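# Structural characterization, general
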Amino acid sequence: MHVGEPKDHAVGMGATWSIAKQGMRHMGVARSANSLLRINQPFGFQCPSCAWPEPEDGAGPIEFCESGAKAVANEATRMRASREFFARHTLDDLRGRTGHWLEQQGRLTEPMYLAPGAEHYVPIGWDEAFGVVARELHALDSPDEATFYTSGRASNEAAFAYQLFVRALGTNNLPDCSNMCHESTSKALGDTIGIGKGSVSMDDLVAADLIIVAGQNPGTNHPRMLISLEEAKEAGAKIMVLNPLPEAGMQRFDNPQRPLELLGRGTHLQDLLLQLRLGGDGALFQAFSRLLLEADDAARATGGEPVLDHDFIAEHTDGFDAMQEHLRGLDWDALERETGLTRAEIDEAMGLILPAKRIVVCWAMGLTQHRQSVAIIQELVNFLLLRGNIGREGAGLCPVRGHSNVQGNRTVGIWEQPPEAFLDRLEEALGFAPPREHGLDVVDSVRGLADGRLKVFFALGGNFASAVSDTDVTEAALRRARLTVQVSTKLNRSHLVTGREALILPTLGRTDRDVVPDGPRRGEEQFVTTEDSMSVVHASRGHLEPPSSELRGETRIVCGLARAVFGPPTHDGVARRHESPDGRSSMPDGQASGVDGDCDLGTSTGLVQDLPWEAMADDHGLIRRQIEAVVPGFDDYSARAQRRSGFQLPHPPRDERRFETATGKARLTVNRLEPIEVPDGHLLLQTLRSHDQYNTTVYGLNDRYRGVKAGRRVVLVHPDDLGRLGLQDGAVVDLVSVWHDGAERRAERFKLVGYPTARGCAAAYYPETNPLVPLDSVAEGSNTPTSKSVVIRFEPVAV
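Thresholds applied
- Residues numbered from 1 in each chain as written.
- Predicted model: local features only at pLDDT ≥ 70, side-chain atom pairs only at ≥ 80, totals over all residues.
- Heavy atoms only, no water.
- Buried < 20%, exposed > 50% of the residue type's maximum accessible area, 1.4 Å probe, protein only.
- Helix = DSSP H or I, 4+ residues; strand = E, 2+ residues; numbered from the N terminus.
- Arc of directions from axis to C-beta.
- Axes fitted to C-alpha atoms, helices over the stretch in contact; angles between N-to-C directions.
- Parallel < 35°, antiparallel > 145°, perpendicular 65-115°, else oblique.
- Left-handed = near helix turned anticlockwise from the far one by under 90°.
- Contact = heavy atoms within 4.5 Å.
- Nonpolar A, V, L, I, M, F, W, Y, C, P; charged D, E, K, R; others polar.
- Polar contact = N/O pair within 3.5 Å; in protein donor to acceptor, adjacent residues only side chain to side chain.

## Considerations on helix 17 (residues 320-328)
Taken together, the buried positions of helix 17 are Phe320, Met323, Gln324, His326 and Leu327. The buried residues of helix 17 all sit within an arc of 160° when viewed along its axis, so they share a single face. Exposed residues lying more than 90 degrees from the buried face of helix 17 are Asp321 and Glu325.

Next up, the structure:
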């Protein structure tokens, strides 16, 4: 491993060369061109990487970034992990491999089964595999003894079918990757503005006077966002960055679609970087709001223009008096300690804030994975509400989702705490009574597996064992299950952390054609849909022949499993049409669907086996009509999704300044923040991605922007902290986390790297550092692991 100087610019020729290398390595010239030019295009496929939107006027000829190109190249690879691969490698052998090595073995080609006590996965037929799952689910004393995880890669159609199957089974145990990322956002926004989604469009970014990018690294995690920031900058916006680490993409963006910028003449994006202490964002937004109040006092005293939007506050918010009383009573010395910033630095930020009439705040995991993340985001909302910066052009909330359809999954029902209104519509439209008791999220599912309450673990995508905190505890919990099932495209660590029995069910990727294999609709090609970070829904169509004829799409897998679990329908195989009291069909627009044109949305018998599982597998349009009937905003779903720019779902605060909260108004909140106490000799650690990875998927061992080559076990520390701790740059240490349960959590052999991060803070890559995050260390109100605020110490080791 070699560590050099971090870069002060991003994308440009480095990204272009990286894309070319990835494409050539995995796909070759023709396959690369055919695939990359279809990403985020009309009649193409939606990128399997992040959820950054396309331009509102439709996609340009190139709508992919380095991160997306890596994801596509690795999915469209010619490498295969076939039955011969599993015959060569025992489970113990595979457990000793790195996640990077597992990823490079290629696409899975057929269902694989691990018998109790076996050392090898062996092939199994689809019917037999479904039979194994059905046997274990039928053996449960209660459906609540199973839990069903979802990654953000699943399409809207697959996710809706999945939640329908799980609720038809009788449980709301639907943990998903939102529980580990933006759950704090959903909770904070739901409580304050009435909807857990962002309120801005792409046009709002360009129209903003000031964009605050907080706890986010677009250059690595959402590179196409840099194009939007460049456009905003050229339109006159200022950009403020809140981050303990300086990030190359925010310093200078070399746009690869502009020839002069490829030569190093890029755009300097950030006007101000505040390197605040980890978790100090809430205190900083409190300081901003306090100074807005004081500036408004001064303006009103001198007859100047008010700083606050008093009309908006009076008409659309509640809680102003209590909030301002709290803010005015805050101690400035405490605010400086909590943020790690000086009053002069905060005043410099106010020099950008006060002239800005329209402000957008963007954020990601840097804000959502702390103990008080919900409160931090509520302070961000307070800051915007004080000047009416929600529900008008050029202003608002912009949580940036890290997975391509994680927001869409939640929209169509993947949630362990479903709203009653959603369940009511589901029951009315599909004719069965879904369970009402809330289910288990990710952390509580691990607890349930650990204490034996859960017997079956099923994952629709993802890499649960590597994604969840407290790795040793999580893996031990999974091994207590009777059955673990993974629906996957490629091999990962979770396939090797198994229950007594295990299944791997291989599925189509975004790049693969999804064609009905048999029956009356044989040969018909299906498309699916996704929702991006700004609530826009697009169609997605794969174009490559699947790696194997044995692969099935996620929706087909879910529907096949449902039929195996629930058994055959009670009637003669033709689902009956729902009738409303006046005798009209409940099918939207009077349309019918199904293999024979006589299949309705669901069952009129109230029996889950009479849901049209076969028809749903063969006709994704039927599922979209079910979503239309259950989720507001999806009218004429199939047709609108295929428009060039898709369609945007409704957002009451954005569209009409309507806030569906308990009071009917946006809520200004009082949050008493308690900074994490860090003992002497310790630092506060954040986990993060390298530039060569996407979530838990490691594509390579370099981090080009941070100067790291051929390795990942590095920990970034300010040189002053190294000196204070008596440690040398380049020394090898173990990382040991501190938690009140007394258990030692250790990540071994990391190289210390002097780096210009905030003092008192450190950073290292996950999933290698996930063992340091205690399972019980979670955000208040959202139960999200606190992966951005882990108290650690270093223990030197001999090289």
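## What to know about the packing of helix 8 (residues 156-169) against helix 27 (residues 554-566)
Orientation of helix 8 relative to helix 27, taken along the N-to-C sense of each, is 15°, at an axis distance of 8 Å. What the angle tells us is that helix 8 and helix 27 run roughly parallel. The two elements helix 8 and helix 27 cross, and the hand of that crossing is left-handed. Two secondary-structure elements touch here, helix 8 through Glu157, Ala158, Ala161, Tyr162, Phe165, Ala168 and Leu169 and helix 27 through Glu554, Thr555, Val558, Cys559, Leu561, Ala562, Val565 and Phe566. Tallied by class, the residues present in the contact of helix 8 with helix 27 amount to twelve nonpolar, one polar and two charged.

## A look at the packing of helix 23 (residues 420-430) against helix 29 (residues 620-630)
Helix 29 packs onto helix 23 with a crossing angle of 130° between their chain directions and a minimal axis gap of 8 Å. The pairing of helix 23 with helix 29 is recorded here as oblique in orientation. Note that helix 23 runs across helix 29; the crossing there is right-handed. Contacts between helix 23 and helix 29 involve Phe422, Arg425, Leu426, Ala429 and Leu430 on the former and, on the latter, Gln626, Ala629 and Val630. Looking at side-chain class alone, the contact of helix 23 with helix 29 contains six nonpolar, one polar and one charged residues.

## Considerations on unusual backbone geometry
The omega torsion of the bond from Tyr766 to Pro767 falls at 10°, within 30 degrees of zero and hence cis. With respect to the helices, strands and loops of the structure, Pro767 is situated in the loop between strand 29 (761-765) and strand 30 (790-796). We note that Asn40 has phi near 60°; this positive angle belongs to a residue other than glycine. Along the chain, Asn40 falls in the loop between helix 2 (29-36) and helix 3 (66-75). One non-glycine residue, Phe43, adopts positive backbone phi at about 65°. Looking at where Phe43 falls in the secondary structure, it is placed in the loop between helix 2 and helix 3. Judged by relative accessible area, which is 57%, Phe43 ranks as exposed.

## Concerning the environment of Asn173
Tracing the backbone through its elements, the reader meets Asn173 in the loop between helix 8 and helix 9 (183-192). C-alpha of Asn173 to C-alpha of Val446: the two residues are 273 residues apart in sequence and 12 Å apart in space. Once residues within four sequence positions are removed from consideration, Asn173 is found in contact with Asp144, Ala146, Thr147, Phe148, Val166, Gly439, Leu440 and Leu454. A polar atom in the side chain of Asn173 sits 2.9 Å from the backbone oxygen of Ala146.

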